[in-house]
Amino acid sequence: MRVAIYGKGGIGKSTVSANLTAALSVRGLKVLQIGCDPKHDSTRLLLNGRDPPTVMEYIRSTSKGERDLSDVIVQGYGGSLCVEAGGPEPGVGCAGRGILSTFDLLEELGVDSLDADVTLYDVLGDVVCGGFAVPLRNDYAQKVMVVTSGEFMSIYAANNILRGVRNYDPRRMGGIIFNSRGDDEERERVRAFAEAVGLPVVAEIPRSTLFLEAERTGATVVELFPDDPLSSRFHDLANTVLDGEVHEARPLGDEELERIVLGKASAPRAEAGGMRVENGSLRPRTPPVYTSRNVDRHEVLHGCAFTGAVVTCMSVEGLHTVMHSPDSCAHLSCQMAQNAARRAFLKEGVSIPSFLEPRVHCSSMDDPAMVFGGTPLLEAALRRALAECSHVAMVTSCPSGIIGDDVISLAQRMEAEHEGSKVITMVEDGNVAGDHMQGVIDACVALADSLITEHPPRNDLINVVGIKPIATNNERNMRYLESVLSMMGMGLNCRFIGGTDIDSIEGFKKASLSILANTDRFAQMLASFLEDEHGARFLRSPLSAGMAGTEAWIRELALHGGTQDADKVIEGLRHEYQEALGPLRNDMEGRSVCIISMHKDIDWLIDLIDDLGMELRRAYVVDRSDHLMDYHVGNRHESRLMFLQDYVMEDVVRSCVQESPDILLSTYPVDAGLDIVQERIPMVPDIGHLAPLELARHWALALRAPLREGWRVDHDG
Amino acid sequence: MMDETRPDGLVGALMAFEGVKGSITALNGPTGCKYYPASLSEAMTRRGGFNPMMHDSRFYLGQSRIPCTYMDLNDYVAGGRARMEELWQDCQTRSPSLLALINSPGASLIGEVLEFEGGVPPTAMMESPPPSVTFSEGYESAILAVLGALRPLDASPEPMTVNLLGMSIADLGWEDSLADLRSLLEVCGIRVLAAPGAGCSVAELKDSGRAALNVMVHDERCQRTAEWYRINHGIPCHRPSGGAPLGFGPLTEWLEGICSLLGADPGPGLVSIKEARRRAAREISRLDRYQGLPRGTSFSVSGSPSLVLPIVKTLHGYLGMVPLAVATSEDGPCTEQLESYLGDIGCGEASTDVLDCPADVVIADGNTAAMVLARGLADNAVDIEAPSMVQVNIRSDPLLGIGGTQRLLDRCLQGLRR
Ligand code: SF4
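What you are looking at is a predicted structure, and each value in this text was computed from that prediction instead of being measured. (Residues numbered from 1 in each chain as written. Chains lettered and ligands numbered in written order. Predicted model: local features only at pLDDT ≥ 70, side-chain atom pairs only at ≥ 80, totals over all residues. Heavy atoms only, no water.)

### With respect to the domain arrangement of chain B
Residues and elements named next belong to chain B.
- Taken domain by domain, chain B consists of domain 1 (9–150), domain 2 (158–268) and domain 3 (278–414).
- Measuring from the centre of the C-alpha atoms in domain 2 to the corresponding centre in domain 3 gives 24 Å.
- At the boundary of domain 2 with domain 3, total buried surface from both sides reaches about 2,300 Å², with 65% on carbon and sulfur atoms.
- It is Leu-172, Leu-246 and Phe-248 in domain 2 that bury the most area against domain 3; as a group they hold 34% of the surface buried on that side.
- Applying the counting criterion to the domain 2 and domain 3 interface returns 0 salt bridges.
- Put simply, domain 2 and domain 3 have 12 residue pairs in polar contact (both at pLDDT 80 or more) between them.
- Here the side of domain 2 that touches domain 3 is built from residues that sort into 12 nonpolar, 8 polar and 5 charged. (Domains from an automatic or database assignment. Buried area = accessible area lost by both parts, 1.4 Å probe. Salt bridge = Lys/Arg side-chain N within 4 Å of Asp/Glu carboxyl O. Polar contact = N/O pair within 3.5 Å; in protein donor to acceptor, adjacent residues only side chain to side chain. Nonpolar A, V, L, I, M, F, W, Y, C, P; charged D, E, K, R; others polar.)

The following block contains the structure:
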């Protein structure tokens, strides 16, 4: 028989539990009492007032291979077996997680082999979060008893416990144990509550000085005053526990509870319903000003802000990044960055030093950190980072947010201790701040705010803003930009942020002008931020693929700061473009094409199709929440595009197939059959006047290939 | 020993679940924990990658593997049970051979329960994957959850059969390695019943209870599994002392050990190894005669101890190369042997930082190897752990067995210069 005794803290449930265990033990039953309250005083009265070792301390201090069940079980009165889960000090860590870990460990060490006749879980019922609800799970308590006094908060907690039970197998309620405080009206309140929820009051424990006397000697009333009527109450309760019926948990709504118990509406408001009444450790957040699309529209979050922020910080040379997280989060973030670096290096021969030599440190939050708080591990990681570098970014993960580690004070203390250091704190709390893109935005904002300093602005320098840190064509694009800038007598100042270093962010204001790397929401958010907070000025035209887009930003740049004649530069570029276009046009003229794009900004692609003399039959731009669709691009070709918000992809593809185009261009491969040549629209297109022609060159070659290559015959999926 | 860039226990657990043929691994957690492991699973099992135009269903989010409940702040506060139940139901309709349910670190912290009433496929669960543990620890916990859910047959042992333990779909060339080892054992009359975690089916896993012997391939990943089989099915286990079957010496030792325990004749397998040795010797002798290579060239190596030990022994003892940096990703039964071998050959002081040690060849996971090349610390790299340095493997490319040994030798010797 497994029984859980729940009750609000301080209500006397441990006294009731210990006396109940004593009553069961004296009849020769083997009773295992597991105290599930961080206060770890559940079994003291069975142990002559001694404090047994807690399981959580044991987990913290004993390595896996050395653990043994006998180390955490202490024999108490009447042969009872006593276990205390333990847990953190109030205000740190996660006590619920401690209960989870305790149950896992006991199971792992073979607690079942003890063959207890009765297992009694004594559980704190104020907080019925997932951890404290473990004993309610179907394979643990077969019967649940609730201890309450007549005080409203105690009954309120009792009602919450019923909500918890209802979330599992609800037919397990053994009844209410009324622990009287001596208030005259309380019996009536408990009775009214019991009646309303359809449960019997299975015991009434009166207020008595015998409890105090027994407690002073570290014993139970059952042990010290075996013949007193008070002891009989526990023996009767033991009978009910063993043989009594079970009832269904039928909790009351908050208003009903107030009405029935108080007869008025003055009780505290209930928090979120069900089991999750407390996760208060998640920091209250002010909504971010510069948001990703997912966050702005409350969509499914794609990726987590943690990885977005980490990857962005990793891309800054001279900055060390501390991840306050378990290793898994660190690994996922580092992989993302390193895979991009490996691809860039192996495919393009480009070395991205910041990613290839990651300067990262992880606090490696482990089980004990989840229970007792992770700041000691974070402090160690910060110290490691600060020993190597004066500038450190620190990013927090989901677990850090859930257990509510006070990372900000720690960062301030570390900064104070390390003269001249900067700890740039990004409290992302995993995906609590938002999706991957939100993390990238947050990191850019935090780095800018911490690093940018005043400098006299120069007209011959320009910043580029909105670079995607892990795009593999960054280096190629930047080389192109620099070559055009040098034709204009200008230079590139800061790459914000990707392949950049601390000095260059600090010197952001050395350039009087900035240009967007593209038109997406991310770049536009950064532009708004830099305009609002740092007085940046942007060209209206972003960097772009294709001749028209390139011409636009060059002309604008010439007006603002370029020292060379834009016409001359553009003429040179256009000449190159026409030269390269000619032979391709011979191949492609008259060919038909359909488009299914997840990017809105495809003017460059339509330009290319027109320049090649191709026939555009259909062009769909489809919306998807992890693509950056809600930016306001003034498409020059808007009338030729169909924007689809709600769509079925199969229908979109079918509609293109019906047009029988020579080529279907799409952001990802689609199921369009084998009679149409499919080509990709790059996720992050190369910039520059010649870049689209590279694609066209590939189209021309693909059209010369057979539609059904031999390998397809052998492919089974 | 854990460094931030190495796969950890959560990835280990997810890959172990994904290593059951026809299974679905459902993650109760945010998409942040899903995307990379799902893409790793897709890559290692040669499925297509991220494509929101083809796999755009609610829980799969553009990928073909590891559906998830896309938890967010609201779920952390109010619990994510309802959506997990919907995902669970979605999985039921797809008739997986096994359903694996696992909580993300955040979901486990708020105590999300993964148990559901009913359901057709056998279900393995990990409600509290331990945070910040090694790949091996997470992998093995998941394997044990799978075995617990499937309950292999309790039948009398079938002579001349083995299970290969500790292999994973996260290993480079796992399919080809398995085929290589399988055929080597087969010529000796030994049949492989199952390789838990390396793409074997539920039927094979159920059958695994009848094996006459368990054989460790990567011993840091299967100590508890071997014990589980011993207690529940009385299957003894062989742990070859040389680590994974890679390199002619360790491979021979591995095969002879198994054959002697099963009473099989290793002869035919040894003939195959001998043929491969002869061919290798012919090539190496050319290098030796014309360039005095590979004797005296250097290497640095990083990986799991069961791989690093046979690599060090082979490159040093067989090729005459010298280890300048030796790093292991975690501790395992081979760690001690590795240390004593290095001591015996006078390399006990070898560096443990392959990223800071020039050598002729670097042998490591693809990312580390690329970093070493990019830093100009080595001219030649051999990838032995994921991610791979190549995208395509038309030819069979095993990491272990005879083929794996040939691969290691080919790739190490290819770029050597004097
Ligand atoms: S979603 Fe949370 S738990 Fe998952 S990787 Fe991101 S920070 Fe870590």
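Next comes the rest of the write-up.
### A short note on the interface of chain A and chain B
- Between chain A and chain B, the contact holds 65 residues from the first and 57 residues from the second.
- For the pair chain A and chain B, the summed buried area comes to about 5,200 Å², and 61% of that belongs to carbon and sulfur atoms.
- Remark: the boundary between chain A and chain B carries 0 salt bridges.
- Elements represented by at least two residues in the side of chain A that touches chain B include exactly α3 (95–108), α12 (327–348), β12 (360–362), α14 (367–372) and α16 (398–403) of chain A.
- Residue contributions to the side of chain A that touches chain B peak at 13 residues, all from α12 of chain A.
- A per-class count over the side of chain A that touches chain B returns 32 nonpolar, 18 polar and 15 charged. (Contact = heavy atoms within 4.5 Å. Helix = DSSP H or I, 4+ residues; strand = E, 2+ residues; numbered from the N terminus.)

### A look at helix α22 (residues 547–560) of chain A
Residue and element names in this part refer to chain A.
- For α22, built from 14 residues, the straight-helix expectation of 20 Å at 1.5 Å per residue is met to within 8% by its first-to-last C-alpha distance of 20 Å.
- Turning to α22, its buried residues are Met-547, Gly-549, Thr-550, Glu-551, Trp-553, Ile-554, Glu-556 and Leu-557.
- Check the buried side of α22 and you find it contacts β15 (458–465), α19 (474–487), β18 (511–516) and α23 (566–588). (Expected span 1.5 Å × (residues − 1). Buried < 20%, exposed > 50% of the residue type's maximum accessible area, 1.4 Å probe, protein only.)

### Thoughts on the pattern of salt bridges
All names here are of chain A.
- Tallied over the full model, the rule gives 53 salt bridges over all chains.
- In this structure, Lys-509 and Glu-454 form a salt bridge, with 2.8 Å as the shortest nitrogen-oxygen distance. Of this pair, Lys-509 sits in the loop between α20 (502–506) and β18 while Glu-454 sits in the loop between α18 (436–451) and β15; the two residues are 55 residues apart in sequence, bridging distant segments of the chain.
- With relative accessibility at 62%, the residue Glu-454 sits in the exposed group.
- Each member of the salt-bridge network shares a partner with another, and the members are Lys-13, Asp-37, Lys-39, Asp-41 and Asp-122.

### Digging into the packing of aromatic side chains
- Tallying each qualifying case throughout the model produces 14 aromatic pairs over all chains.
- Where Tyr-121 of chain A meets Tyr-140 of chain A, the ring centres are 6.2 Å apart and the plane angle is 85 degrees; that geometry is what we call edge-to-face. Placement of the pair is Tyr-121 of chain A in strand β5 (residues 118–124) and Tyr-140 of chain A in the loop between β5 and β6 (143–148), with a sequence separation of 19 residues.
- With a centroid separation of 5.6 Å and 75 degrees between ring planes, the pair formed by Tyr-668 of chain A and Phe-50 of chain B is classed as edge-to-face. Separated into two different chains, Tyr-668 of chain A in the loop between β22 (663–666) and β23 (677–680) and Phe-50 of chain B in the loop between α2 (35–44) and α3 (73–78) make up a pair that spans both.
- Judged by its relative accessible area of 30%, Phe-50 of chain B is partly exposed.
- Here the aromatic cluster, defined as three or more aromatic residues joined through ring pairs, consists of Phe-103, Tyr-121 and Tyr-140 of chain A.
- Of note, Lys-600 of chain A hangs over the ring of Phe-643 of chain A, and the distance from its end group to the ring centre comes to 5.6 Å.
- Lying over the aromatic face of Tyr-139 of chain B, Arg-221 of chain B brings its terminal NZ or CZ to 5.5 Å of the ring centre. (Phe/Tyr/Trp six-rings, centres within 6.5 Å; stacked < 30°, edge-to-face > 60°. Lys NZ or Arg CZ within 6 Å of the ring centre and 35° of its normal.)

### Structural notes on the state of the cysteines
Residue and element names in this part refer to chain A.
- For the structure shown, the criterion picks out 0 disulfides over all chains.
- The thiol of Cys-313 is not disulfide-bonded; the next cysteine sulfur, from Cys-444, is found 8.6 Å away.
- With no disulfide of its own, Cys-389 lies closest to Cys-313 among cysteine sulfurs, the gap being 12 Å. (Disulfide = S-S within 2.5 Å.)

### Some details on the nonpolar core
- With 125 residues, the main nonpolar core has Val-162, Leu-164 and Ile-363 of chain B as its most contacted residues.
- Those residues in contact with Ile-363 of chain B, other than ones at most four positions away along the chain, are Phe-299, Ser-300, Val-301, Ser-302, Ile-311, Leu-315, Val-382, Ile-384 and Cys-412 of chain B.
- Counting 57 residues, the second-largest nonpolar core is a separate cluster that includes Leu-32, Val-111, Val-123 and Leu-257 of chain A. (Core = buried A, V, L, I, M, F, W, Y, C linked by side-chain atoms within 4.5 Å.)

### A word on the packing of helix α11 (residues 305–314) of chain A against α18 of chain A
All names here are of chain A.
- Orientation of α11 relative to α18, taken along the N-to-C sense of each, is 45 degrees, at an axis distance of 6 Å. Taken together, the axes of α11 and α18 lie oblique to each other. Both α11 and α18 take part in a crossing whose hand is right-handed. Taken together, the residues of α18 that come into contact with α11 (itself represented by Ala-305, Thr-307, Gly-308, Ala-309, Thr-312 and Cys-313) are His-436, Gly-439, Val-440, Ala-443, Cys-444 and Leu-447.
- For the contact of α11 with α18, the per-class residue count stands at 7 nonpolar, 5 polar and no charged. (Axes fitted to C-alpha atoms, helices over the stretch in contact; angles between N-to-C directions. Parallel < 35°, antiparallel > 145°, perpendicular 65-115°, else oblique. Left-handed = near helix turned anticlockwise from the far one by under 90°.)

### Structural notes on the environment of Cys-362 of chain A
- Of note, Cys-362 of chain A is situated in strand β12.
- Sequence-wise, Cys-362 of chain A and Val-677 of chain A are 315 residues apart; in three dimensions their C-alpha atoms are separated by 47 Å.

### A short note on the sheet that holds strand β2 (residues 99–103) of chain B
Residues and elements named next belong to chain B.
- Strand order in the open sheet formed by 3 strands is β1-β2-β3, with parallel pairing between adjacent strands. The outermost strands of the open sheet, each flanked by one partner alone, are β1 (24–28) and β3 (123–126). Within this sheet the neighbouring strands show an average axis-to-axis angle of 15 degrees, counted without direction.
- Lying over the sheet, helix α1 (residues 9–18) contacts β1, β2 and β3, oriented at roughly 170 degrees with respect to β2. (Pairing = 2+ DSSP bridges.)

### Details of a negative patch on the surface
- There is a patch of like negative charges on the surface, built from Asp-104, Glu-107, Glu-108, Asp-112, Asp-115, Asp-117, Asp-139, Asp-169 and Glu-248 of chain A together with Glu-115 and Glu-117 of chain B.
- Tallying contributions element by element places α3 of chain A first for the negative patch, with 3 residues. (Patch = residues over 30% accessible without salt bridge, like charges linked within 9 Å, V, L, I, M, F, W, Y side chains within 5 Å. Areas by Shrake-Rupley, 256 points an atom, 1.4 Å probe, with all protein chains shown as cover. Lys, Arg positive; Asp, Glu negative; His and termini not counted. Charge placed at Lys NZ, Arg CZ, Asp CG, Glu CD.)

### Topic: empty space enclosed by the protein
- Inspection of the entire model under this criterion finds 8 cavities of 30 Å³ or more.
- Considering only enclosed or pocket space, the largest cavity measures out at about 110 Å³ in volume.
- Forming the walls of the largest cavity are 16 residues, and the residues nearest its centre are Cys-304, Cys-329 and Cys-398 of chain A together with Gly-32 and Cys-33 of chain B.
- Put simply, the parts of the chain that give the lining of the largest cavity at least two residues each are α11, α12 and α16 of chain A together with α5 (105–109) of chain B.
- Along the lines of polarity and charge, the residues of the lining of the largest cavity split into 10 nonpolar, 6 polar and no charged. (1 Å grid on protein atoms, 1.4 Å probe; cavity = no way out; pocket = protein on both sides within 12 Å on 5 of 7 lines; lining within 4 Å. Points joined across faces, edges and corners; volume = space filled by probe spheres on them.)

### Observations regarding the sheet that holds strand β16 (residues 491–496) of chain A
Residue and element names in this part refer to chain A.
- Spatially, β16-β15-β18 is the arrangement adopted by the 3 strands of the open sheet, whose pairing is parallel. For this open sheet the edge positions go to β16 and β18, each flanked by a neighbour on one side alone. Neighbour-to-neighbour, the strand axes of the sheet open up by a mean angle of 30 degrees, direction not taken into account.
- Judged from the 5 bridges that link them, β15 and β18 form a sheet pairing that is parallel. Directly across from Arg-458, in β18, lies its bridge partner Ala-511.
- Contacts from α19 reach β15 and β16, with the element oriented near 150 degrees to β16.

### A look at the site of the ligand
- Neighbouring the ligand are the residues Cys-304, Phe-306, Cys-329, Leu-332, Ser-397, Cys-398 and Gly-430 of chain A together with Pro-30, Gly-32 and Cys-33 of chain B.
- Looking at the residues close to the ligand, they fall on chains A and B.
- If you map the ligand onto the pockets, it falls in the largest cavity.
- Looking at the shell around the ligand residue by residue, the class counts come to 7 nonpolar, 3 polar and no charged. (Near = heavy atom within 4 Å. Sits in = over half its atoms within 2 Å of the grid points.)

### Some remarks on the domain arrangement of chain A
All names here are of chain A.
- Under the domain assignment, chain A is made up of domain 1 (2–262), domain 2 (293–449), domain 3 (454–569) and domain 4 (574–714).
- Using only C-alpha atoms to locate each centre, domain 1 and domain 2 end up separated by 41 Å.
- Listed as interface residues are 12 residues of domain 1 and, on the opposing side, 7 residues of domain 2.
- In total, domain 1 and domain 2 occlude about 870 Å² of area from one another, counting both sides; carbon and sulfur atoms represent 67% of this.

### Brief notes about the side chain of Ser-512 of chain A
- The residue Ser-512 of chain A is located in strand β18 in this model.
- Once residues lying within four places of it in the same chain are set aside, the contact partners of Ser-512 of chain A are Pro-457, Arg-458, Asn-459, Leu-461 and Arg-537 of chain A.

### Quick notes on the pairing of β6 of chain A
Residues and elements named next belong to chain A.
- Counting buried positions over the 6 residues of β6 gives 6, a clear majority of the element.
- Here 5 bridges tie strand β1 (residues 2–7) to β6, and the two strands are oriented parallel to one another. Looking across to β6, one finds that Ala-4 is bridged to Val-144.
- Examined bridge by bridge, β6 and strand β7 (residues 171–179) share 5 bridges and lie parallel to one another. Each residue of the ladder has a partner; that of Thr-148, found in β7, is Phe-178.
- After leaving β6, the chain enters helix α4 (residues 152–166) and then returns to the sheet as β7, a path that is right-handed. (Right-handed = clockwise from strand over helix to strand, strands pointing away.)

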